[in-house]
Amino acid sequence: MAIPFKYNRRSLLIRRVSNSMTVGAIAIVVGVFVAAMAIVGGLDSAIEDSSSPDNMILIGRGTDSEANSFITLDQFDALKFLPAIKRDDAGHPLVSPELTEQIFMPAGDTLDNLPIRGVLPVSTQIHEKVRMIADRMFTPGLNEVIVGKLILINTPAVHWGRT
């Protein structure tokens, strides 16, 4: 036997507080779920835009980020000769021990946190989405850097010259 419609309507009016709290709780759950999915979508997009399926980031045991990681040269030498490592046409392993650091860079009246990455010249073969649009690759052992075009555009007060 079906419950009459007017009973349901009357029940909604009599139990306003509990019904409102139920609707509010469902709205909060949906809002948190949408926010979490937006974060996941943003991370997926960032990873897709800046990575390659052939690349692997290796971090040391017990660390949770690249910045805190440490791998010894002996470990690096052993890792670069594993059979899964991609090689160039001459047979050299395409690996790059990279050092990540955070530096403070003046931006107007404040300091902005600028991530920098120390690389070897082979990194242009590893990071396929990195393109040199002007000048040349740095010479290892000299005080030279490669600067992204967004840094040049967003920091006009800083003079980027050769020393």
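Everything numeric here is computed off the predicted structure, so don't read it as measured data.

Observations regarding the overall build of the protein chain
When its secondary structure is counted, the protein chain shows 5 helices and 2 strands. The helix and strand sequence of the protein chain, counted from the amino end, reads α-α-α-β-β-α-α. A total accessible area of about 13900 Å² is found for the protein chain, and carbon and sulfur atoms account for 63% of it.

A few points about a nonpolar patch on the surface
Taken together, Ile26, Val30, Phe33, Val34 and Met37 make up a surface patch of nonpolar side chains, about 490 Å² in accessible area. By secondary structure assignment, the location of Ile26 is in helix H2 (residues 16-50).

Let's talk about the pattern of salt bridges
On inspection of all chains with the given rule, the structure shows 2 salt bridges. A salt bridge links Asp77 to Lys80; the nearest nitrogen and oxygen atoms lie 3.5 Å apart. The class for Asp77 is partly exposed, based on a relative accessible area of 36%. For Arg117, the salt bridge is made with Glu98, and the minimal N-O distance between the two is 2.8 Å. Of the two residues, Arg117 is situated in strand E2 (residues 110-118) and Glu98 in the loop between helix H3 (73-79) and strand E1 (99-107); the sequence distance between them amounts to 19 residues. Here Glu98 falls in the partly exposed class, since its relative accessible area comes to 25%.

Brief notes about the pairing of E2
Look at any regular strand and the pattern is simple: side chains alternate between the two faces of the sheet. Across 9 bridges, the pairing between E1 and E2 is antiparallel. Each bridged residue has a counterpart across the sheet, and for Leu99 the counterpart in E2 is Gly118.

Describing the confidence of the model for the protein chain
When pLDDT is averaged along the protein chain, the result is 81, and 90% of the positions lie at 70 or above. Per-element confidence in the protein chain ranges from a low mean pLDDT of 69 for helix H5 (residues 149-154) to a high of 90 for H2.

Topic: the environment of Phe70
Note on placement: Phe70 falls in the loop between H2 and H3. For Phe70, a relative accessible area of 65% translates into the label exposed. Note: C-alpha distance between Phe70 and Ile59 (11 residues apart in sequence) is 6.9 Å.

Here's the deal with the environment of Ser96
Mapped onto the fold, Ser96 is located in the loop between H3 and E1. Every residue in contact with Ser96, bar those within four places of it in the chain, is listed here: Val119, Leu120, Val122, Ser123 and Ile126.

Focus: the environment of Thr124
Residue position: Thr124 is located in helix H4 (residues 123-126). Judged by its relative accessible area of 31%, Thr124 falls in the partly exposed class. The sequence separation of Thr124 and Leu94 amounts to 30 residues, and the corresponding C-alpha distance is 9.9 Å.

What counts as what
- Residues numbered from 1 in each chain as written.
- Predicted model: local features only at pLDDT ≥ 70, side-chain atom pairs only at ≥ 80, totals over all residues.
- Heavy atoms only, no water.
- Helix = DSSP H or I, 4+ residues; strand = E, 2+ residues; numbered from the N terminus.
- Areas by Shrake-Rupley, 256 points an atom, 1.4 Å probe, with all protein chains shown as cover.
- Patch = residues over 30% accessible without salt bridge, like charges linked within 9 Å, V, L, I, M, F, W, Y side chains within 5 Å.
- Salt bridge = Lys/Arg side-chain N within 4 Å of Asp/Glu carboxyl O.
- Buried < 20%, exposed > 50% of the residue type's maximum accessible area, 1.4 Å probe, protein only.
- Pairing = 2+ DSSP bridges.
- pLDDT = per-residue confidence, 0-100.
- Contact = heavy atoms within 4.5 Å.

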